[in-house]
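Structural overview for review
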Amino acid sequence: MSVETATRTSRDGADDVGFKRELVQLIPHLRAFARTLCGDATAADDLAQDAMVKAWDARASFQMGTNMKAWTFMILRNQFYSEKRRSWRQTQLDQEAAERTLVAVDDPEAPVALDELRQGLAMLPAEQREALILVGAGGFAYEEAAEICDCAVGTVKSRVSRARRALHAILDTGAYDRDGASAGDAMRAILADAERLSTAR
Amino acid sequence: MIENMPSPDPRKPSAALDEARLRQQAIGVRLRQMFDDVVNEDVPDEFLDILRRADEKKAEQGS
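This section reports on the structure supplied with the text.

Some points on the packing of helix 3 (residues 41-57) of chain A against helix 4 (residues 68-83) of chain A
Helix-helix packing: each pair is described by the crossing angle between the helix axes and the interaxial distance. All names here are of chain A. Contact geometry for helix 3 and helix 4: axes closest at 9 Å, N-to-C directions at 120 degrees. On the basis of their axis angle, the class for helix 3 and helix 4 is oblique. Considering only the axes of helix 3 and helix 4, their crossing is right-handed. Contacts between helix 3 and helix 4 involve Leu47, Ala48, Asp50, Ala51, Lys54 and Ala55 from the former and Trp71, Thr72, Ile75, Leu76, Gln79, Phe80 and Glu83 from the latter.

In structure tokens, the structure reads:
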């Protein structure tokens, strides 16, 4: 390393080393978050890698000492939605309709099957799914999740609580796709029922 | 209008509420587990390779 290089990077270099160390530690979390957004493991790793590189390239704009996990999650999320230009909002299910179908299960403490949970999550509107994942699994405070999702804290709270109720309803009615056939059929039937009930009032 | 609010039915027996809470807990546990399963996976070498290349690119470019 030349003298100039050493001088030029003395401060930046030290920051870069620290940044990189922290970024490497976050990779497993970025992969996990990406997996919940993409579903497909390969696509998720591509997304996580893109986010990692974007974070690295943008390291100058990161303030050391602030929450790097939230910062990288925000980058990953932005990356995901900029790639996914499809109108994901329009594919949302009617949440309240799903919640109205909430029924009791025989054993509320019965373990939740992983596949069912995955499919149940997939049926949630994207914004509710991500809020629930960030708060319920990622260990973020509502305030941090709000920052990541670029919305108000109250919005995150409401999304998380709606997601919880909807997931409960979906799992307990078995509205998820049991045999790999058409995922939405059972759910659509439930929604149609609920729709009929709500318009009848 | 008001009856359409998704708030819990006040007449609902508390046993049902307890049950719902337990169910939520079971779902929450599973959710965290699902996430942590991926967190605990070995990170593919590709990630570190990519990061190393990005780092080298920076070193070459100078500035």
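Structure shown, so let's carry the discussion forward.
Observations concerning the packing of aromatic side chains
Residues and elements named next belong to chain A. On inspection of all chains with the given rule, the structure shows seven aromatic pairs over all chains. Relative to Phe73, the ring of Phe33 has its centre 4.7 Å away and its plane inclined at 10 degrees; by these criteria the two rings are stacked. Residue Phe33 is located in helix 2 (residues 10-38), and its partner Phe73 is located in helix 4; the two are separated by 40 residues in the primary sequence. Judged by its relative accessible area of 0%, Phe33 is buried. Judged by centre distance (5.0 Å) and plane angle (65 degrees), the rings of Phe80 and Tyr81 are edge-to-face. Of the aromatic side chains, those joined through ring pairs into one cluster are Phe19, Trp56, Phe62 and Trp71. A cation sits over an aromatic face here: Arg59 above Trp56, 3.9 Å from the ring centre. We note Lys69 situated over the ring of Phe140; from NZ or CZ to the ring centre the distance is 4.9 Å.

Procedures and definitions
Each chain has its residues counted from 1, following the order in which its sequence is written. Chain A is the first chain written and ligand 1 is the first ligand written, with later ones labelled in order. Under the rules for a predicted model, residues below a pLDDT of 70 receive no local features and side-chain atom pairs below 80 are neither given nor counted, while totals for whole chains, interfaces and linings still include all residues. Only hydrogens and water are set aside; all other atoms, that is, all heavy atoms of the structure, feed into the side-chain values. Angles shown run from 0 to 180 degrees and are taken between the N-to-C directions of axes, each axis being a line fitted to C-alpha atoms and, for helices, limited to the stretch in contact. A helix here means a DSSP run of H or I that spans at least four residues, while a strand means a run of E at least two residues long, and both kinds are numbered starting from the N terminus. Oblique is the label for any angle not under 35 degrees, not over 145, and not in the 65 to 115 range, which are roughly parallel, roughly antiparallel and roughly perpendicular in turn. Left-handed describes a crossing whose near helix is turned anticlockwise from the far helix through less than a right angle; right-handed describes the clockwise counterpart. Pairs of residues are marked as contacts when any of their non-hydrogen atoms sit within 4.5 Å. Pairing of aromatic side chains requires ring centres within 6.5 Å, counting the rings of Phe and Tyr and the six-membered ring of Trp. Pairs whose planes differ by under 30 degrees are stacked, by over 60 edge-to-face, and all others tilted. Here the term buried applies to any residue with accessible area under 20% of the maximum for its type, exposed to any over 50%, and partly exposed to those in between, with areas from a 1.4 Å probe on protein chains only. Either the NZ atom of lysine or the CZ atom of arginine qualifies as a charge over a ring when it sits within 6 Å of the ring centre and within 35 degrees of the ring normal.

Spatial relationships are all this shows, so hold off on functional conclusions.
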